[in-house]
Amino acid sequence: MTRPAITGATVVAGVVGAPVRHSLSPLIHNAWLEAAGIDGIYVPFGPPADGFEAFANGLRGGAVRGLNVTLPFKEAALALADKVSAQARAANAANLLVFEADGTVVADNTDGLGLLAALTIQAPGFDPRSGPIAVLGAGGAARGAAAALLAAGAPQVRIVNRTLAKAEAVAAALGGSIVACPLTGAARAFAGVAAVINATSAGLSGQGDLDAPLEASPSQAVVMDMVYKPLVTPFLARAQALGRRTVDGLEMLIRQAAPSFEAFYGRPPPSEVDVRALAMKALGQ
Ligand code: NAP
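Remember, predicted model here, so these are calculated numbers, not experimental data.

(A) Highlighting the site of the ligand. Around the ligand sit 25 residues in total, of which Ala138, Ala141, Asn161, Thr163 and Met226 are the nearest. Ala138 is positioned with one of its backbone polar atoms (N or O) 2.9 Å from an oxygen atom of the ligand. With respect to the ligand, the backbone of Ser201 contributes an N or O atom lying 3.4 Å from an oxygen atom. When the ligand sits alone it has 930 Å² of accessible area, and the protein chains cover 79% of it. Every element with two or more residues in the shell around the ligand is listed here: α6 (140-151) and α10 (249-265). The element contributing the most residues to the shell around the ligand is α10, with four residues. Of the residues belonging to the shell around the ligand, the class tally is twelve nonpolar, nine polar and four charged. Residue contributions to the shell around the ligand reach at least three from each of two domains, namely domain 1 (11-109 + 255-282) and domain 2 (112-247).

What follows is the structure, given as structure tokens:
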């Protein structure tokens, strides 16, 4: 991949996180920019953990068109925005900030779109309306997933979390057909589901597997993991050993990036470049 030429008109966007070095977003967005011949660039920003507000407020006015936001700044990003989309409000977290020329900051959350698109692509025919869906975790990713699944017509979402109180808080905040369950009761929560989605950070490289009895889910249930390092997490490996259809977090990462790209550069990403293959190479797959 050759680096795009920088001109006086180059549109700048990026990703902010702490740490940010591991992010695959620069690889994905810059590959799309190059393939589309867009005069733009996408760079990583790593302010100190207590310096996010100063950093983001300093960008008001639009010299930088926008930012994707990753851990630990997603809640802070939501808090400093002047306008907030329904998706970001429901997730209580923003993964996208756009800096308008008049100084306002607009927050959105594209993780829900990414989740649904990944399910459509890697589990063709899956219909979120076909049964209850178990979501493991009660952080921003789980809350955003639950909101997106309910909006897509899931008849019930079961939030399963190690700390029950956090799952109950998510259920209370979102309302609708959503129930909270402790991780120790996961077997009951998995009964009759259409899908099980891991939205915890368990399974990340070097961390242990999630103690979740996937065998209690129906054989036709789709199993998804938002974690993508490693690409096949111990959780997904267990699902595959049980013969379940699986969906990986890398597909979600790529699909949540697409609407961000459009927000920054004014058009959808090009289809000619295989960013999944590039990302898999970067992950050592
Ligand atoms: P978060 O707010 O830190 O929440 C972490 C959740 O994981 C909590 O519910 C926590 O449970 C649970 N957890 C952590 N370790 C656990 C363990 N060993 N056993 C059981 N539960 C455990 O994080 P987040 O922002 O929601 O993100 C969650 C994960 O999704 C991260 O790995 C993130 O990278 C990933 N993600 C991926 C994408 C993508 O595009 N693929 C997008 C968004 C997020 P407690 O409440 O009990 O502490």
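(B) Quick peek at the packing of helix α5 (residues 111-122) against α10. For the pair α5 and α10, the least separation of the axes is 7 Å and the interaxial angle reads 125 degrees. Considering the angle they form, α5 stands oblique to α10. The element α5 and its partner α10 pack so that their crossing is right-handed. Residues Asp111, Leu113, Gly114, Leu115, Ala117, Ala118, Ile121 and Gln122 of α5 lie in contact with α10, whose contacting residues are Glu251, Met252, Arg255, Gln256 and Pro259.

What counts, and where the lines are drawn
- Residues numbered from 1 in each chain as written.
- Predicted model: local features only at pLDDT ≥ 70, side-chain atom pairs only at ≥ 80, totals over all residues.
- Heavy atoms only, no water.
- Near = heavy atom within 4 Å.
- Polar contact = N/O pair within 3.5 Å; in protein donor to acceptor, adjacent residues only side chain to side chain.
- Areas by Shrake-Rupley, 256 points an atom, 1.4 Å probe, with all protein chains shown as cover.
- Helix = DSSP H or I, 4+ residues; strand = E, 2+ residues; numbered from the N terminus.
- Nonpolar A, V, L, I, M, F, W, Y, C, P; charged D, E, K, R; others polar.
- Domains from an automatic or database assignment.
- Axes fitted to C-alpha atoms, helices over the stretch in contact; angles between N-to-C directions.
- Parallel < 35°, antiparallel > 145°, perpendicular 65-115°, else oblique.
- Left-handed = near helix turned anticlockwise from the far one by under 90°.
- Contact = heavy atoms within 4.5 Å.

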